[in-house]
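Letter by letter, the chains look like this.
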Amino acid sequence: SLVKMADTLTSAIKSNIAKPFTVIVEGNIGSGKTTFINHFKKYDNVCVLAEPVDLWRNCAGHNLLSYMYQDKARWGFTFQSYVQLTMLKLHTLETTHPVKLMERSIFSARYCFVEKMLRDGILPSPSGSVLNEWFKWVIAKSNVSVDLIIYLRTSPEIVYQRMLARNREEEKSVPLTFLKELHEMHEEWLYTKTSFSCPAPVITLNGDLDKSVIIDEYKKYESHILNKAP
Ligand code: DCP
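Residues numbered from 1 in each chain as written. Predicted model: local features only at pLDDT ≥ 70, side-chain atom pairs only at ≥ 80, totals over all residues. Heavy atoms only, no water.

Describe the environment of Lys-19, with residues and values.
One can find Lys-19 in the loop between helix H1 (2-18) and strand E1 (21-27). Put simply, Lys-19 and Lys-100 are 81 residues apart on the chain and 9.1 Å apart in space, counted from C-alpha to C-alpha. If we skip the residues at most four places from it in the chain, Lys-19 touches Asn-143, Ser-145 and Asp-147. Side chain to side chain, Lys-19 and Ser-145 meet in a polar contact 3.3 Å long. (Helix = DSSP H or I, 4+ residues; strand = E, 2+ residues; numbered from the N terminus. Contact = heavy atoms within 4.5 Å. Polar contact = N/O pair within 3.5 Å; in protein donor to acceptor, adjacent residues only side chain to side chain.)

Next comes the structure, spelled out in structure tokens:
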């Protein structure tokens with residue numbers, strides 16, 4: 001009947017809104033996440049959520065990213081607390097698109113960046129605990145589920161050169177050693193899988209490849225990313 005058809009349609013729309021096939025793109029600073037994400041803007045079945053860093057540069061006018069790099073001990077907690085909120089907003093953002101493509105996630109924030117600050121003693125353990133309790137509550141209570149992780153795997157030396165070339169004001173003081181350590185955080189989580197659990201299967205791409213050739217890499221996995229794999 002017509003009523004039944006309408007019901008089926010409504011629930012189909014609802015389930016689509018509630019649960020698009022969600023892909024997160026991860027990798028070191030300068031690994032090419034933005035380039036990757038931009039490639040998929042041309043597909044109208046994909047909701048593309050790029051550049052969360054722009055949000056972190058403007059929290060009611062405050063550039064938290066800049067504060068954090070200037071004084072990690074003073075602003076580390078504030079910054080990561082805001083990152084966690086912005087990521088939660090993006091994870092739970094409703095869309096009618098069947099695929100949602102996100103740059104970074106609440107997971108890399110916790111497992112790579114907060115974890116690094118904790119290990120370095122930059123984030124005092126009580127502050128880390130507060131962030132962690134928020135994180136655990138969010139994971140348990142909201143739908144931040146992920147279906148696929150694209151890991152842009154890179155060499156620290158290469159992303160360091162890219163970071164220098166990009167010349168982002170806030171990142172001027174970031175040394176190669178930091179990128180090496182952050183690389184290890186990503187490796188432990190997504191490659192050797194020896195630190196935290198992965199929220200989804202991982203596809204690893206060679207992020208060292210130059211912009212001009214990496215598009216071919218994307219294409220190899222396009223059907224997976226668009227959830228059209230046979
Ligand atoms: N950052 C952080 N803590 C987080 C997330 C990011 O300190 N939880 C910092 C690291 C960078 C900046 O924010 O200085 C942006 O990092 P991303 O790796 O998220 O973004 P990029 O623009 O560097 O990615 P890409 O170059 O791969 O497009």
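Still more ground to cover, so stick around.
Describe the packing of aromatic side chains, with residues and values.
The full count for this structure, using the stated rule, is 11 aromatic pairs. Between Phe-36 and Phe-40, the ring centres sit 5.0 Å apart and the planes meet at 45 degrees, which makes this aromatic pair tilted. Given the relative accessible area of 0%, Phe-36 is considered buried. On the basis of relative accessibility, which here comes to 0%, the residue Phe-40 falls in the buried class. (Phe/Tyr/Trp six-rings, centres within 6.5 Å; stacked < 30°, edge-to-face > 60°. Buried < 20%, exposed > 50% of the residue type's maximum accessible area, 1.4 Å probe, protein only.)

Before we move on, can you summarise the pattern of salt bridges with the specific residues and values?
What the rule picks out here adds up to 15 salt bridges. Between Arg-110 and Glu-115 there is a salt bridge, and its shortest N-O distance comes to 3.0 Å. Residue class for Glu-115 comes out buried when judged on its relative accessible area of 13%. A network of salt bridges, in which partner residues are shared, links Arg-110, Glu-115, Arg-119 and Glu-188. (Salt bridge = Lys/Arg side-chain N within 4 Å of Asp/Glu carboxyl O.)

Please give an account of the packing of helix H5 (residues 72-92) against helix H6 (residues 106-119) that cites residues and values.
Relative to each other, H5 and H6 sit at 170 degrees, their axes nearing to 9 Å. When the axis of H5 is compared with that of H6, the two are roughly antiparallel. In contact with Gly-76, Gln-80, Val-83, Gln-84, Met-87 and His-91 of H5, H6 contributes Ile-106, Phe-107, Ala-109, Phe-113, Val-114 and Met-117. (Axes fitted to C-alpha atoms, helices over the stretch in contact; angles between N-to-C directions. Parallel < 35°, antiparallel > 145°, perpendicular 65-115°, else oblique.)

Please set out the site of the ligand residue by residue, giving values where relevant.
Residues in close proximity to the ligand total 22 residues, the closest being Lys-33, Tyr-69, Arg-104, Arg-166 and Glu-171. Gly-30 is positioned such that a nitrogen or oxygen atom in its backbone is 3.1 Å from an oxygen atom of the ligand. In this structure, Ser-31 approaches the ligand through a main-chain N or O atom, which is 3.2 Å from an oxygen atom. Contributions of two or more residues to the shell around the ligand are made by helix H2 (33-39), helix H3 (53-56), helix H4 (64-70), H5 and H6. (Near = heavy atom within 4 Å.)

Can you explain the pairing of strand E3 (residues 99-103)? Please cite residues and give values.
Burial analysis of E3 places five of its five residues in the buried class, the great majority of the element. Residues Val-99, Leu-101 and Glu-103 point to one face of E3 and Lys-100 and Met-102 to the other, with burial holding for every one of them. Note that E1 and E3 share five bridges and pair parallel. Residue Val-23 lies in a different strand from E3, and its bridge partner there is Leu-101. Bridge count between strand E2 (residues 46-49) and E3: four bridges; the pairing is parallel. Within the sheet, the bridge partner assigned to Val-48 lies in E3 and is Leu-101. (Pairing = 2+ DSSP bridges.)

Explain the side chain of Lys-33 residue by residue, including any values.
Inspection of the secondary structure puts Lys-33 in helix H2. Buried within the structure, Lys-33 lacks any salt-bridge partner; Glu-103 is the closest side chain of opposite charge, at an N-O distance of 5.0 Å. Within the local environment of Lys-33, its side chain forms a polar contact with the backbone oxygen of Asn-28, the two atoms lying 2.9 Å apart. Filtering out sequence-adjacent residues up to four positions away, Lys-33 remains in contact with Val-25, Glu-26, Gly-27, Asn-28, Glu-103, Arg-104 and Leu-152. (Lys, Arg positive; Asp, Glu negative; His and termini not counted.)

Summarise helix H10 (residues 211-225); cite the residues concerned and give the values.
Of all the bends found along H10, the most pronounced is centred on Lys-219 and spans about 35 degrees. When H10 is considered as a whole, its buried residues turn out to be Ile-214, Glu-217, Tyr-218, Glu-222 and Ile-225. Lining the buried residues of H10 we find E1, H2, E3, strand E4 (148-153) and strand E5 (202-206). (Bend = angle between axes of the 7 residues up to and from the residue.)

Please provide a residue-by-residue account of the packing of H6 against helix H9 (residues 176-191), values included.
Look at H6 against H9: their axes get within 10 Å of each other, and the N-to-C directions meet at 130 degrees. In terms of their interaxial angle, H6 and H9 are classed as oblique. By crossing handedness, the relation of H6 to H9 is classed as right-handed. From H6, Phe-107, Ser-108, Tyr-111, Cys-112, Phe-113, Glu-115, Lys-116 and Arg-119 reach across to H9, where they touch Phe-178, Glu-181, Leu-182, Met-185, His-186, Glu-188 and Trp-189. Considered class by class, the residues forming the contact of H6 with H9 number eight nonpolar, two polar and five charged. (Left-handed = near helix turned anticlockwise from the far one by under 90°. Nonpolar A, V, L, I, M, F, W, Y, C, P; charged D, E, K, R; others polar.)

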